[in-house]
Amino acid sequence: MKSTIAVSLTNYLDAGAIVAGASGLTLWKEYLGLTEMHLGWLNFISANCLGAAIGAIIGGFLADKYGRKFIFTYNLLVYMAGVLLVMLSVNFPMLLAGFLVTGISVGVGVPASWTYISESSEVNNRGRNICISQMSWGFGPMCILLFGMLFAPGGYLFGWVESVAHMFGGADMTQQAVNAFSSRIVFFTLFIVAFIAWNLQRQLQESAEFEANKSKQTGLLDNIQVLFSNKIAVRTVVFLATIYLTWNLVASVMGFFQPHIYETAGGVSNEQANWMNCIQWAIIVGVTFIVSKFIDKTSHKVIYTFGLLVAIAAWLVIVTIGVNGMVGLWLFAILWGVQGGSSPQIFYALWGSELFPAKFRAGAQGLMFFIVRGLSAVWGLIFTYIYGENGEGFTIAAFCMIALLCISLVVGFIGAPNTRGRALDDITKERYGDNY
C-alpha cells in the first residue's frame, strides 16, 4: 500500500498540472494579453496533450529497458524544472515552455507508475490499487482548485498574495500581474508535492516482475519491433487506444477548459467556476473509492458500461437543458463527476497493464498514451474553433462529445476482457504463450 501511494502521487501531479493551468487560465490570459488561440496552444503542448504524449512514448520504453525505478529516480526532477519555469514566466514563450517540460515529465511517469502498481499488487487487489491511483488523480485537481480559490482575486488569502507579489515584483506591479501571481503560488504547491514524491519514489524497490523478466529484455528498437509484429499485441493496442482515446478527447477538454467554459458559456464568476469544478472532483474521488470496493469482485463490463452511460447523460444535459442556468450547470457537473469515478481511464490503466507481457508492458502503454494525448492535443485546437470566443459553439461541441463517448461505450462493451482475479503471468501465457 505504501508503494502504491508513493507511485500514485504521479497521478496527483499529472492532473494537478492540468488543472493548475486551467484554474488560472483567465488570469494568465489577462496578464499576458493572450487570445483563445494562445490558450489552445497551451493546452496543445501541456500535460493534457502533446507534452504528455512525447514523454509517454519515451518513458514507456525506457521503463521496460532500464526498469520502473529508473523512471522514479530521475523523472520528477524534470517535472520540478518545468513547474519552476511556469512560476517564473513573464511572457508567452516561457509559459509555453514550462507547460511543455511539465507535460513531458508527466508522460514519462504515467506508464511506469501504472505498470508498477499492477506488478506490485496481489491478484485480488489489482483493481483496487489502480482505483487508489485514480483517487490521487482526483485529489490533485481538488486540492489545486481549493488553492486556486484561496489565492485567486477575491479569495480569502488574496491579500497575502498581493503582499508577496509586491515583495518580489515591486510596488508598481500592474493588477493583472498581481492576479497572475496567485497562479504562480498554485504551481509552487505542485513543486513541493513533486519534491516529496521524488524522495519517496526513489527509495522504492524495483518491480519483482521486471526483475524476473530482466533476462528477456532486448534493445528499445527490438521491443518496439516485437510489439508491432505480434498480432495479439497490435489488436490490444487498437482496442485500448480506441476506448481511451474517444473518452479522453472529451475528458482532456474538460480537464483543461472546464473552468473557462463555466465562466464563458455558463456565465459564472471565476470563483464560482472553480468551486463547481472542485466539488466535481470531490465527487470523482468519492465514487472512485466506492468502485475500489467492488472492482475486484464485480464484472468489469458492468462498471465500465455504467460510467459511459452516465457520461453520455451528462452531455445530453448540455443539448437539452443547457448550461445557461445553474440547474443545468450543476446537473452536468454532478453527472460528469460520477462518471469520472468509473471512467475508461481506470480500465485503460488496469487492462493496459494486464494485457501485455512484462517485456514491453510499459512501452505499449507509453505508445497508447502517445497516440491518445497526441490526438487530444489536435482536438484541443479544433475545439477552440468549434467553441468560439464566448461559447457560442458549445452545443455543436456537445454533440461531438456524445458521439465520441458512444464509440467508447460500444467498443469497450464488446471487447472488455475477463482478467479479474487472475495473475499477470497466467494472462500473459494465455495470450502470448511461454516465450514472453
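Computed from a predicted model, the values in this text were never measured in an experiment.

Reading the values: the criteria
Every chain is numbered on its own, with residues counted from 1 as its sequence reads. With the structure being a predicted model, the display of local features is reserved for residues of pLDDT at least 70 and the display and counting of side-chain atom pairs for 80 or more, all residues being used for whole-chain, interface and lining totals. With hydrogens and water stripped out, all remaining heavy atoms of the structure feed into the side-chain values. Only DSSP runs of H or I reaching four residues or more are called helices, and only runs of E reaching two or more are called strands; each is numbered from the N terminus. The globule rule used for comparison is 2.2 Å times the number of residues to the exponent 0.38, while the radius of gyration itself is calculated over C-alpha atoms. Contacts are assigned to residue pairs with any non-hydrogen atoms lying within 4.5 Å of each other. Computed with a 1.4 Å probe, the accessible areas rest on the Shrake-Rupley method; for each residue, only the protein chains presented here act as cover. Only residues above 30% relative accessible area that lack a salt bridge enter a patch, with like-charged residues linked at up to 9 Å and the nonpolar side chains Val, Leu, Ile, Met, Phe, Trp and Tyr linked at up to 5 Å. Salt bridges are defined as contacts in which a side-chain nitrogen from Lys or Arg sits within 4 Å of a carboxyl oxygen from Asp or Glu. Axis angles are defined between N-to-C directions and span 0 to 180 degrees, where every axis is a line fitted to C-alpha atoms and, for a helix, only to the segment in contact. What sets the label is the angle itself: under 35 degrees gives roughly parallel, over 145 gives roughly antiparallel, 65 to 115 gives roughly perpendicular, and the rest give oblique. Amino acids are sorted into nonpolar (Ala, Val, Leu, Ile, Met, Phe, Trp, Tyr, Cys and Pro), charged (Asp, Glu, Lys and Arg) and polar (every other residue, Gly among them). Note on exposure labels: buried denotes an accessible area under 20% of the residue type's maximum, exposed denotes more than 50%, and partly exposed covers the range between, all computed with a 1.4 Å probe on protein chains only. Helices are assigned an expected span. That span is 1.5 Å times one less than the residue count. Planes of paired rings set the category: under 30 degrees apart is stacked, over 60 is edge-to-face and the rest tilted, where pairs are Phe, Tyr or Trp rings (Trp by its six-membered ring) whose centres lie within 6.5 Å. Residue-level confidence of the predictor, termed pLDDT, takes values from 0 up to 100. Put simply, a disulfide is two cysteine sulfurs that come within 2.5 Å. We define the nonpolar core as a collection of buried residues of types Ala, Val, Leu, Ile, Met, Phe, Trp, Tyr and Cys that are connected through side-chain atoms lying within 4.5 Å of one another. Identification of polar contacts relies on pairs of N or O atoms within 3.5 Å, with a donor-acceptor requirement for protein atoms, meaning one able to donate a hydrogen and the other able to accept it, and with residues adjacent in sequence counted only if both atoms are side-chain atoms.

**Remarks on the overall build of the protein chain**
Tallying secondary structure elements over the protein chain gives 19 helices and 0 strands in all. For 436 residues, the compact-globule formula gives about 22 Å, and the C-alpha radius of gyration of the protein chain, at 21 Å, lands near that figure. A principal-axis box enclosing the C-alpha atoms of the protein chain has dimensions of 70 × 45 × 35 Å. Sequence-distant contacts in the protein chain: of pairs separated by 6 or more residues, those separated by 24 or more amount to 83%. Of the roughly 16000 Å² that the protein chain leaves accessible, carbon and sulfur atoms contribute 68%.

**Concerning a nonpolar patch on the surface**
Together, Phe188, Ile192, Phe195, Ile196 and Leu200 give the surface a local cluster of nonpolar side chains, amounting to about 430 Å² of exposed area. Position of Phe195 among the secondary structure elements: in helix 9 (residues 175–201).

**A closer look at the packing of helix 8 (residues 158–169) against helix 9**
Taken N-terminus to C-terminus, the directions of helix 8 and helix 9 make an angle of 105°; their axes are 9 Å apart at the nearest point. One element, helix 8, and the other, helix 9, form an angle in the roughly perpendicular class. Here helix 8 contributes Phe158, Trp160, Val161, Glu162, Val164, Ala165, His166 and Phe168 to the contact with helix 9, which in turn contributes Gln175, Val178, Asn179, Phe181, Ser182 and Ile185. In the contact of helix 8 with helix 9, the residues fall into 9 nonpolar, 4 polar and 1 charged.

**Regarding the pattern of salt bridges**
Scanning the entire structure with this criterion turns up 5 salt bridges. The partner of Glu119 in a salt bridge is Arg361, and the shortest N-O contact between them spans 2.8 Å. With Glu119 in helix 6 (residues 92–119) and Arg361 in helix 17 (residues 361–387), this residue pair connects regions lying 242 residues apart in the sequence. Exposure class is identical for Glu119 and Arg361. Each is buried.

**Observations regarding helix 7 (residues 126–151)**
Counted at 1.5 Å a residue, the expected span for helix 7 with its 26 residues is 38 Å, and the 38 Å between its end C-alpha atoms agrees. For helix 7, the buried fraction is high: 20 of the 26 residues fall into the buried class.

**A few points about the packing of helix 5 (residues 68–87) against helix 9**
As a packed pair, helix 5 and helix 9 sit with axes 9 Å apart at the nearest point and diverge in direction by 170°. Relative to helix 9, helix 5 is oriented roughly antiparallel. Across from Phe72, Thr73, Leu76, Leu77, Tyr79, Met80, Val83, Val86 and Met87 in helix 5, the residues of helix 9 making contact are Arg184, Phe187, Phe188, Leu190, Phe191, Ala194, Phe195, Ala197, Trp198 and Gln201. The class makeup of the residues in the contact of helix 5 with helix 9 is 16 nonpolar, 2 polar and 1 charged.

**Some words on helix 16 (residues 344–354)**
Judged by how many residues are buried, helix 16 sits mostly within the fold: 11 of 11 residues are covered. Here helix 16 has its buried residues at Pro344, Gln345, Ile346, Phe347, Tyr348, Ala349, Leu350, Trp351, Gly352, Ser353 and Glu354.

**Focus on the packing of aromatic side chains**
Across all of its chains, the model carries 26 aromatic pairs by this definition. Both rings, one in Trp28 and one in Tyr31, keep their centres 6.0 Å apart while their planes meet at 55°; by these two values the pair is tilted. Within this pair, Trp28 and its partner Tyr31 are both found in helix 2 (residues 25–32), separated by 3 residues, close to a single helical turn. Measuring from ring centre to ring centre gives 5.7 Å for Trp114 and Tyr348, while their planes differ by 75°; the resulting arrangement is edge-to-face. Of this pair, Trp114 sits in helix 6 while Tyr348 sits in helix 16; the two residues are 234 residues apart in sequence, bridging distant segments of the chain.

**A word on the confidence of the model for the protein chain**
Confidence in the prediction of the protein chain, expressed as mean pLDDT, is 84, and 91% of residues score 70 or more. When mean pLDDT is compared element by element in the protein chain, helix 5 scores highest at 92, while helix 11 (residues 220–229) scores lowest at 69.

**Quick notes on the state of the cysteines**
A complete count under the given rule lists 0 disulfides for this structure. Summary of cysteine pairing: Cys143 is not part of a disulfide, and the nearest cysteine sulfur, belonging to Cys278, is at 8.0 Å. Of the cysteine sulfurs around Cys400, a residue in no disulfide, the closest is that of Cys406, at 12 Å. Judged by relative accessible area, Cys400 falls into the partly exposed class, the value being 29%.

**Quick look at the environment of Ala273**
Within the element layout of this structure, Ala273 appears in helix 13 (residues 270–294). Of the residues examined, Ala273 reaches a relative accessible area of 0% and is grouped as buried. Along the chain, Ala273 and Asn11 lie 262 residues apart, while their C-alpha atoms are 23 Å from each other.

**Looking at the nonpolar core**
Ranked by internal contacts, the top residues of the largest apolar core, which has 131 residues, are Trp315, Trp336, Trp351 and Phe356. Counting residues per element, this core draws most heavily on helix 12 (residues 231–264), at 15 residues. If sequence neighbours within four positions are ignored, Phe356 has contacts with Leu227, Ala233, Thr236, Val237, Leu240, Arg361, Ala364, Met368, Thr428 and Tyr432.

**Observations concerning the environment of Trp351**
Position of Trp351 relative to the elements: it lies in helix 16. Between the alpha carbons of Trp351 and Pro417 there is a distance of 7.8 Å; along the sequence they are 66 residues apart.

**Overview of the side chain of Asn179**
Structurally, Asn179 is set in helix 9. Judged by relative accessible area, Asn179 falls into the buried class, the value being 11%. Other than its neighbours up to four places away in sequence, Asn179 contacts Leu27, Pro153 and Phe158.

**Side note on the environment of Thr10**
Structurally, Thr10 is set in helix 1 (residues 2–23). When its relative accessible area of 7% is taken as the criterion, Thr10 is described as buried. A C-alpha to C-alpha distance of 8.2 Å links Thr10 and Ser136, two positions 126 residues apart in sequence. Excluding anything up to four places from it in sequence, Thr10 contacts Gly109, Val110, Ser113 and Gln201. Polar side-chain contacts of Thr10 include one of 3.1 Å to the side chain of Gln201.

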